[in-house]
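Structural characterization, general
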Amino acid sequence: MLEKTFTPADMEARLYAQWEERGFFKPGHKPRAEPFTIVIPPPNVTGSLHMGHALNNTIQDILVRFERMRGRDVLWQPGTDHAGIATQMVVERLLQKENQTDRRSMGREAFLKRVWAWKEESGGAISRQLRRLGASCDWSRERFTMDEGLSRAVLKVFVQLHKEGLIYKDKRLVNWDPKLLTAISDLEVVQKEVKGNLWYLRYPIEGTDQFIVVATTRPETMLGDSGVAVHPGNDKLKHLIGRQVRLPLVGRLIPIVGDDYADPEKGTGAVKITPAHDFNDFDVGKRNGLRQINVLDQFGKILIEGNADFLEGAADVPAGTMALHGLDRFEARKRIVEMFEAQGLLDKIEPHTHQAPHGDRSDVVIEPWLTEQWYVNAAELARPAIAAVEKGETGFVPKNWEKTYFEWMRNIQPWCISRQLWWGHQIPAWYGPDGTVFVEETEALALAAAERHFGARVTLTRDEDVLDTWFSSALWPFSTLGWPEETQELKRHYKTDVLVTGFDIIFFWVARMMMMGLHFMHEAPFHTVYIHALVRDEKGQKMSKSKGNVIDPLELIDAYGADALRFTLAAMAAQGRDIKLAKARVEGYRNFGTKLWNAARFAEMNGVAHDPNYDPLAARVTVNRWISGETARTEAKVRQALEEYRFNEAAGAIYQFVWNVFCDWYLELIKPILTGTDEAAKAETRATTAWVMDQILLLLHPFMPFVTEELWQQTGRRSQWLIASDWPSYKGLGDAAADAEMEWTIRFISEVRSVRAEMNVPAGAKIGCVLVSASSGTRRRADAWENEIMRLARLSSIVFEEQAPKASAQIVLDEAIVALPLEGVIDFAAEKTRLSKELENIARDIAAIDGRLNNSGFLAKAPPEVLEESRERKAELTARKARVEEALARLG
RNA sequence: GGGAGCGUAGCUCAGCGGUAGAGCACUCCGUUCACAUCGGAGUGGUCACAGGUUCGAUCCCUGUCGCUCCCA
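Observations concerning the domain arrangement of chain A
Taken as a whole, chain A is organised into domain 1 (8–143 + 476–560), domain 2 (182–367), domain 3 (582–734) and domain 4 (739–890). Across the contact, seven residues belong to domain 1 and six residues belong to domain 2. Both faces considered, domain 1 and domain 2 share a buried interface measuring about 540 Å² in area, 75% of it formed by carbon and sulfur atoms. Here domain 1 and domain 2 share zero salt bridges between them. If you look at where domain 1 meets domain 2, you find zero residue pairs in polar contact (both at pLDDT 80 or more). Breaking the side of domain 1 that touches domain 2 down by element, the ones donating at least two residues are α3 (84–99) and α18 (506–521). Here the residues of the side of domain 1 that touches domain 2 are counted per class, giving five nonpolar, one polar and one charged.

Written out as C-alpha cells, the structure is:
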C-alpha cells in the first residue's frame, strides 16, 4: 500500500544507491545498440553544486535517461577538473589558516603532496552532490584531469604540437597577475569599470622651451616611456614628428613619432608610448622601432635600480626618481604625479572612468608584462574547427551561437598556456646549460635528445611552469576515453553525441575541444553542442556570493526533492533565454509530484493493478479509448520535443497530460465505472488506468526519475526497473469518435459548472437539468454519460424536453440547449447579462470573420483550408448565436 | 565602438503569419469516498512604440525607446 504522503528524502538516496549498485549507469548492456555518449563538463574539483551545475546536469541526465530507454548504449562520462589556480588558492588559504605557512616555504614537492591530500579528502563533494541530483553518470569511469592517463595525454599532445611548430615559446606582453604571480590568458581577464583620472603631463621638447602635453591614466608607467606618438594627420601636432622629448624625472631622450594609433580627438592628441606596459603601445613601439623598457617587477613594484634597460640613455637620474624603486605601482603613481606637479609639469587632472583589466580569480588589476611564455598557435588549429561547424559536422543548438563561435574563432589570438603555478601539468620542457630547450614526454627522452645535440651528457633543468587548466580540459572528450591508447571505448564512443554547456565557456572550452579533437582524432568531438541559459535569481541578477542572492540547489533538493528541482529547470529551459528561478516554481512542481503520487494511490485503492498482457488497442469503453489516444499524443509531443532539445515543451506536455487530462478528467470520469456494476467495463477500465499510469511513469522518468521509479516498483511486479525499461511506442491508438464524445462530455460539465458559479448556485446544491431540442446523437451521449455528468456537474437528473422550463439558466451546447431550472435561485437580471455578454462576444467574433470573408484579397489569396476553416467557424458561430438569442427570448 | 538577445496578464515565462496561453499571485465558492502540496469558477493583455511587407502581423522587415549579455 502506498504511503499517504510521499517524502522524496526517504527514497532518493535509496533508489540512487540501488541504480548505481546494479550498474544501470554503465554502458555495455546493449553491445549491439548504437552508442550514445555525453562527456560531462567537468566541474572544478574544488567546486560545490550551484544552480548552473544543477541545470547543466539535469539536461544531460534527461537526455541520457531518454536515450537509454530508447535503446541506445549510453555512456555518460563523469569527472572533475584540477582547476589549477582555484585549487592552489584553496590549499594556500588552508595552509595559512592551519599553520601560518605558505607554499614557498614548504617547497614545491611538499606543497603538491598537500594538494593531493586535500583532493583525496575534500575533492569528491561535487560528485556526491551530482548523485543527489539524480545524475546517472557511469561513476566507475570517473576521471580527473590530473589522473595518470589524462596526464599522459597532455604530455603527448604538448610534445606533438611542439614538434609540429604549433606550440612555441615567445617573448611578448602577457596578462600578468601581480597577486597570483602568474601569466593568465586573455579569457581570464575581465574588464571592470574603474573611476580614475586622466593626468595631463608636460613633456619638454628638446631644443625648445615648449612642451608637448600627453594624457594618461597610468602616470607611473612613464618611467618606461620610449616615445610619444601623434597622428600623422593631426594638423596641430604633426610638425613635431621627428623631434625629441626629454623625459621628465628620467632625462631619457625619446622621439616623437607619427602613428595612427594617436587619436587626434582623444586627450591632447599626443600619447605617451610605453611598449613594455601596454598592449597598444607594444604594437606602436614595434611599428616605430621604439625600445621596450620594463620598469615593474612581478609584484607590480617599480624596478629601476640595476635595471639596465631603464638606465640606458637616462642621464643623471635624480635621486628622487631612484627612490621610487620598490614602491607599489599605485603608490608610485601618486608620487610621480606629485613630482610632476612640483616641477610645474602637471598640466591638469580630469576625472576619468575607464575599463581596467582585472584577474578573474585574484580580482587585482592585471599588468601587461613582458615575459617569455609558451603559446599555442590557435589560429592554425582554429581553421579546421571553423570548417567543421561550417560543414555541419558539429552543430550548435540554438543555432545562433554558431555566429558567436565563428566570430571568436576567426579573430583568435595566440593562446598563452604557461602558468607560474605549481598545481597542474608541469610543462615537459628541459633546458640545457646554454638554454637550448628539449621538449619530450619524459626526462629520459629529453636527456637523450640533449646528448645527441651536445654530443655529451649534460644536466638539464626542467621548466618550472605548468599548463593552463583548459589545456587538459581541451582533451577531455578523448582523454577520458583512454587516448592515447586505442581503447574499445575510444573507438565506440568518440565522436560523442552532444555536449551540454553554458555559453560562458564556448571560448574557454568548446572551441578548444573542437581544435584539439580535430587535430588529434581527425574528427570533431561531438555532433551537437547544446547551449543552455544562465540561471539567474528572481530579479534576473546573476547569482553570486558577493551579492548574496545565491540559491543553493541542495537546499531546494532538501526542501522539495530532486525531482521537483529537475522538473522546474527542465520546464524553464526554453531556448535562448536566461532562467530566472523563483522558489514558487519549484514548489509548484513539487506539488505535481504529489499529484502523481495521489493519482497512483487512488488507482491502487480501486484495485488497479499492472497487467503485462493488457493491450490498449483492445479497449472497448469510450473513455478508455479516448485516454489511450491522449496518451499516444502525449508521447509523440514529449519525444519530438526532446529530440529537438525543447525541454520546456517536453516537460509542459507531460505536465499538462498528467494533471489536466488524466487526473482532472479521466480519473474523475471513471469513478462511476469503478463503483458500478458492469464488471467487464470495470475490469477494462482498471487495466487501462494501470496502463496509462505506466506510460506516465515511462514518459516522466527522464524528468523525475525518483518518484517514477518508486511508483513503478510499488505498483506492480515488474520484469525490469523503470530506469532500464523501454520507451513506449504505440501503433493505432486514437479514436476520433471517442475523442469527440469525450470532448462533448467535458464541455457539458464545464459549461454547467461555469453557469452554476456565475449564478451563485451553492456548490453543494444538486439541480435538475433539461436538454432541449437534442438530436438523437446528443440523446445517446447524454444517456451514456448521465452518471458522470450528474456527478461532476452536481446535477440531480437529466431529462429531455421540447421546451426549456421557465426560470432556467440556459447553455448552448452545439444544437441543443442545456437548461437548468433555477426557480428561486436564479437571478434573472444576472442571467440576462450573462447571455447578452455571450451574444456580444459571438457578434464580435462573427464580425471579425466577416471582415475577412468580405475581403476579396482574402478570398483570392488565402489558402483554401484557412478559407474553409473561416466558413465553418462562421456557420458554427451563427448557429450558436441563434440559440443564445432563443434562450434570451425565452427569459422574456 | 562591434556583436547577440530580450520588452506578451500584477510576477516568472511559453507561443509565433489566420480564435492570445501556462504557472504563481489575486477574487469567489467548496469538509463531493486520491490529493487543501487539493477541487471548481473567475478577474486580468492597444503582445514596448512607429512605419513597412502581406488578403491578414504579437509573429516577418526597418527604425525608435528601454533593458541584458558578450567582445573590444
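Now that the structure is up, let's keep going.
Structural notes on the sheet that holds strand β11 (residues 253–258)
Within a sheet, neighbouring strands are paired by backbone hydrogen bonds and run either parallel or antiparallel to one another. Spatial ordering of the open sheet is given by β10-β11-β9-β12, a layout of four strands whose pairing is mixed. Strand pairing shows two members of the sheet lacking a second neighbour, β10 (244–246) and β12 (270–273), which therefore form its edges. Pairwise comparison of adjacent strand axes, ignoring direction, gives a mean angle of 30 degrees for this sheet. Pairing analysis gives three bridges linking strand β9 (residues 227–230) to β11, with the strands arranged parallel. For valine 228, the partnering residue across the bridge sits in β11 and is isoleucine 256. Lying over the sheet, helix α8 (residues 279–288) contacts β9, β11 and β12, oriented at roughly 90 degrees with respect to β12.

Describing the pairing of β12
Here β12 shows no split at all, with Ala270 and Lys272 on one side and Val271 and Ile273 on the other all buried. Sheet analysis places β9 next to β12, joined by four bridges and oriented antiparallel. By the bridge assignment for β12, valine 230 is matched with alanine 270.

The rules we used
- Residues numbered from 1 in each chain as written.
- Chains lettered and ligands numbered in written order.
- Predicted model: local features only at pLDDT ≥ 70, side-chain atom pairs only at ≥ 80, totals over all residues.
- Heavy atoms only, no water.
- Domains from an automatic or database assignment.
- Contact = heavy atoms within 4.5 Å.
- Buried area = accessible area lost by both parts, 1.4 Å probe.
- Salt bridge = Lys/Arg side-chain N within 4 Å of Asp/Glu carboxyl O.
- Polar contact = N/O pair within 3.5 Å; in protein donor to acceptor, adjacent residues only side chain to side chain.
- Helix = DSSP H or I, 4+ residues; strand = E, 2+ residues; numbered from the N terminus.
- Nonpolar A, V, L, I, M, F, W, Y, C, P; charged D, E, K, R; others polar.
- Pairing = 2+ DSSP bridges.
- Axes fitted to C-alpha atoms, helices over the stretch in contact; angles between N-to-C directions.
- Buried < 20%, exposed > 50% of the residue type's maximum accessible area, 1.4 Å probe, protein only.

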